[in-house]
Amino acid sequence: MIEIEVQNETHQSQHRLRFAAVPRIGEGLRLREKNGMWASYDVLDVWYQKADFGDVWMPYIHVRLTAGEELGGVNDDGFDDGYDREFDDDFAMRSALEREARPFKI
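In every chain, residue numbers begin from 1 and rise along the written sequence. Where totals are concerned, whole chains, interfaces and linings use all residues; where local detail is concerned, this predicted model gives features only for residues with pLDDT of at least 70, and gives and counts side-chain atom pairs only at 80 or more. Where side-chain values are given, they derive from all heavy atoms of the structure, hydrogens and water being excluded.

Okay, the nonpolar core next. Core analysis: the biggest nonpolar cluster contains eleven residues, these being Ile-4, Val-6, Phe-19, Leu-29, Leu-31, Ala-39, Tyr-41, Val-43, Ile-61, Val-63 and Leu-65. Any two residues having at least one pair of non-hydrogen atoms within 4.5 Å are treated as being in contact. Those residues in contact with Val-63 that lie beyond four places of it in its chain are Val-6, Gln-7, Asn-8, Glu-9, Thr-10, Leu-29, Leu-31, Tyr-41, Asp-42, Val-43 and Leu-44. For the purposes of this section, nonpolar cores are sets of buried Ala, Val, Leu, Ile, Met, Phe, Trp, Tyr and Cys residues that join through side-chain atoms within 4.5 Å. Exposure classes here rest on a 1.4 Å probe applied to the protein chains alone. A residue is buried below 20% of its type maximum, exposed above 50%, and partly exposed in between.

Shown next as structure tokens:
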């Protein structure tokens, strides 16, 4: 097993995980979110840095949530609050556009 530091761009976090092989750039990974659900991530970058001990090079990967994958209403605590932010934003935008399109009535 290879211990790799995973730098997650989506959550701005860093974790050390064990892999059987070092993933390549462009490959997809399934990582577990804080809420226990699995999500797809793309590997953006892979690099190696020399460790503090001996002549050992440690792998690092940089990942980001796959386009089209949604976190599903997870708040900062990692729990699903049931609030659909995308729907609410879309509804607010449509309401604002409809108010602008209607003539003003006295």
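A few words now on the layout of surface pockets. The computed volume of the largest pocket comes to approximately 250 Å³. Buriedness for pockets is judged along seven lines, at least five of which must meet protein on both sides within 12 Å for an open set on the 1 Å grid over protein atoms alone, while cavities are sets there where a 1.4 Å probe fits but cannot get out, and lining residues have an atom within 4 Å of a point. Lining the largest pocket are Val-6, Asn-8, His-11, Ser-13, His-15, Leu-17, Leu-31, Arg-32, Glu-33, Lys-34 and Tyr-41. A helix here means a DSSP run of H or I that spans at least four residues, while a strand means a run of E at least two residues long, and both kinds are numbered starting from the N terminus. Counting residues per element, the ones that place at least two in the lining of the largest pocket are β1 (2-8), β2 (13-19) and β3 (28-32). In terms of residue count, the dominant contributor to the lining of the largest pocket is β2 (three residues). Three classes are used, and their members are as follows: Ala, Val, Leu, Ile, Met, Phe, Trp, Tyr, Cys and Pro are nonpolar, Asp, Glu, Lys and Arg are charged, and the others, Gly among them, are polar. Split into classes, the residues belonging to the lining of the largest pocket amount to four nonpolar, four polar and three charged. Grid points are joined across faces, edges and corners, and a volume is the space filled by probe spheres set on the points.

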